Amino acid sequence: MKYQSEIQKRRTFAIISHPDAGKTTLTEKFLLFGGAIQVAGAVKSNKIKKAATSDFMEIERQRGISVATSVMSFEYRNTLINLLDTPGHKDFAEDTFRTLTAVDSVILVVDSVNGVEDQTRRLMQVCRMRKTPVIVFINKLDRDGKNRFDLLEEIENELSISLHPMTWPINQGKDFKGVYDLHNKSLRLFTANTKATEDETISIDNLADPVLEGHLGERDAEALREDVELIDGVYGELDPESYRGGDVAPVFFGSAVNNFGVKEMLDTFIRIAPEPQDRETSTRHLAVGEDKFSGFIFKIHANLDPKHRDRIAFLRVCSGRFERNKYFHHVRLNKDVRFSNPYTFLAREKSVVDDAYPGDVVGLFDTGNFKIGDTLTEGEDFYFTGIPTFSPEIFKEVVNKDPMKTKQLEKGLLQLTDEGVAQLFTQYGGNKKIIGCVGELQFEVIQYRLLHEYGASVVFNSLPFYKACWLTSNDAKKLEDFVRFKSNNVAEDKDGQLVYLAQSEWFLNTERTNNPDIGFHFTSEVHKA
């Protein structure tokens, strides 16, 4: 356990939410507390007034949404925090789901006005499946929203998780007066646009103290006493182990845009959030304290810096020590690779690092060696398990509007689909290019990025396919016959693997019944080993 002290001071987490719940705004406030930025960008009503630090792609700045996971590192109270800000939009859920495999805990932002929304349900499903510890931040208390008791009940019922309030709001909307910290027994009065350096809490050990009336007025002081008595009776003290086991979610109330209620959550996070954890691999259980280095690629991003056409693979360190210029074993390619300029990130700002430890996220300059899920080790052969891939649900043919830019288009398609938010197929025996995505918005982003980053102008024509299935068979002749008879519905993925594009569930079931010797798989995972 020679890196134990490094492991203990690290926390790696993701912020997740439904779009527009205030996730990116909350990210900015964390960075302010860590001293990583001085001025937060404001993302309001989907129009960007000042570009948000974590949204680095041009289309994100135009649309006011996050469409790629951003990675940021900062220090707070002698703790190194690796924060992953994820896309909220459902069309980019695949990127978010994969990011959840690279973190040890999650902060879930819930809009107090809208309550639990669709994407929140989906994301919590993944957290429950992985037993990921969750802290809930109920945002926008400065707006008129749902009753706080009703909201807690809704979150518990809809997301199937037990909650434990850590702070409690005094009113909401225009009457919002502040929050009472149930753990530290202190009151923080609401002021708009609280500075990260301000720490004006009022210690109130005994709520019977008449000083409370002086701060809140008689009616609100009495309401707070009743609420706190009820909460203490129901919840008591938080058991950190039940939180780390993924059974109980601590809850904080506040207003991210006003930087209010954020500090209480960050301080609690430092105190109770799990350190980097052990991992399961394809061959064995891997302990985080092992001396030998291992890590996996959970995200690839082309053109982080459009001027340099760079391609960055994001590596989560799982054990040992990552070192600059040291040779590591690339398991899938069975070759040794080294990195002269590995990066850590503060959104678009990146700085070269000499070493990294479990929990850290490192950006590796990639010339096309990496795919999502790839593992680096010091020689041992295994893969980290549980990194999801999804069969696309929407398929479109790529039509090149400028034949002079064919080379740029091909390069752009390869690089952008390597990022994992879309899959590229080529018609079997032909050269028709087909892109498969989980959501419509991804096509818009790809079209925009092809034009602005590669100079390639395209349109997309919809295709009548329902699912992509990867084909396997122990009988080469039967597979060959199937491909010949069904050539209009067969394509190859980027690795040359055969894929059947089914027009409907009925067609897929019919082909499965008629071809018992052929395997139809909804993910390409079967080809990884």
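A brief structural summary. (Residues numbered from 1 in each chain as written. Predicted model: local features only at pLDDT ≥ 70, side-chain atom pairs only at ≥ 80, totals over all residues. Heavy atoms only, no water.)

**Remarks on the overall build of the protein**
Basically, it comes down to this: Strands here mean DSSP runs of E at least two residues long; helices mean DSSP runs of H or I at least four residues long; both are numbered from the N terminus. Exposure categories follow from relative accessible area, calculated using a 1.4 Å probe and restricted to protein chains: below 20% of the type maximum is buried, above 50% is exposed, and the middle band is partly exposed. Only heavy atoms matter for contacts: two residues are in contact if any of them lie within 4.5 Å across the pair. Calculation of accessible area relied on Shrake-Rupley with a 1.4 Å probe; when residues are assessed, cover is drawn exclusively from the protein chains displayed.
Tallying secondary structure elements over the protein gives 14 helices and 33 strands in all. Expressed as a percentage of the 529 residues in the protein, the buried residues total 55%. Partitioning the intrachain contacts of the protein with sequence separation of at least 6 by distance along the chain shows that 70% fall at a separation of at least 24. When the accessible surface of the protein is totalled, it reaches about 22,400 Å², and 47% of it is carbon and sulfur.

**Comments concerning the pattern of salt bridges**
Rules: Salt bridges are defined as contacts in which a side-chain nitrogen from Lys or Arg sits within 4 Å of a carboxyl oxygen from Asp or Glu.
A complete count under the given rule lists 35 salt bridges for this structure. Across the salt bridge formed by E241 and R244, the nearest N and O atoms sit 2.7 Å from each other. With E241 and R244 both in helix α9 (residues 240-244) and three residues apart, this pair spans about one turn of that helix. A relative accessible area of 30% means that R244 is categorised as partly exposed.

**Points about the sheet that holds strand β33 (residues 518-521)**
One key point about sheets: their strands pair by backbone hydrogen bonds, in either a parallel or an antiparallel sense. Rules: Two strands form a pair only when DSSP identifies at least two bridges running between them. Axis definition: a line fitted to C-alpha atoms, over the contacting stretch in the case of helices. Angles run 0 to 180 degrees between N-to-C directions.
The sheet built from eight strands is open, its strands ordered β29-β26-β28-β27-β31-β32-β30-β33 with antiparallel pairing. Taken across any chain shown, the strands that pair with only one partner, and hence form the sheet edges, are β29 (458-462) and β33. Within this sheet the neighbouring strands show an average axis-to-axis angle of 40°, counted without direction. As paired strands, strand β31 (residues 490-492) and strand β32 (residues 498-502) are joined by three bridges and run antiparallel to one another. Paired with E492 across the bridge in β32 is L498. Most of the contacts of helix α11 (residues 406-418) go to strand β27 (residues 422-427), to which it runs at about 130°, and overall it touches β26 (394-400), β27, β28 (433-437) and β29. Packing against the sheet, helix α14 (residues 505-514) makes contact with β30 (467-473), β32 and β33, and its axis sits at approximately 130° to β32.

**Some details on the packing of aromatic side chains**
Here is the rule: Two aromatic rings from Phe, Tyr or Trp, using only the six-membered ring of Trp, form a pair when their centres are within 6.5 Å; if the ring planes differ by under 30 degrees the pair is stacked, by over 60 it is edge-to-face, and anything between is tilted.
Enumeration according to the criterion identifies 25 aromatic pairs in this entry. Seen from their ring centres, F482 and Y500 are 5.6 Å apart, and the 65° between their planes marks the pair as edge-to-face. Separated by 18 residues along the polypeptide, F482 in helix α13 (residues 476-485) and Y500 in strand β32 bring together distant segments of the chain. The buried category is assigned to F482, whose relative accessible area is 4%. By relative accessible area, Y500 is classed as buried at 1%.

**Focus on the nonpolar core**
To be explicit about the condition: Here, nonpolar core means buried Ala, Val, Leu, Ile, Met, Phe, Trp, Tyr and Cys residues that are tied together by side-chain atoms lying within 4.5 Å of each other.
If you look at the biggest cluster of nonpolar residues, it comprises 73 residues, and the most contacted ones within it are V136 and F322. With six residues, the single largest contributor to this core is strand β17 (residues 311-319). Other than its neighbours up to four places away in sequence, F322 contacts F293, L315, V317, F328, F339, P342, D354, D355, A356, V362 and L364. F13, Y243, F252 and F269 belong to the second-largest nonpolar core, a separate cluster that totals 29 residues.

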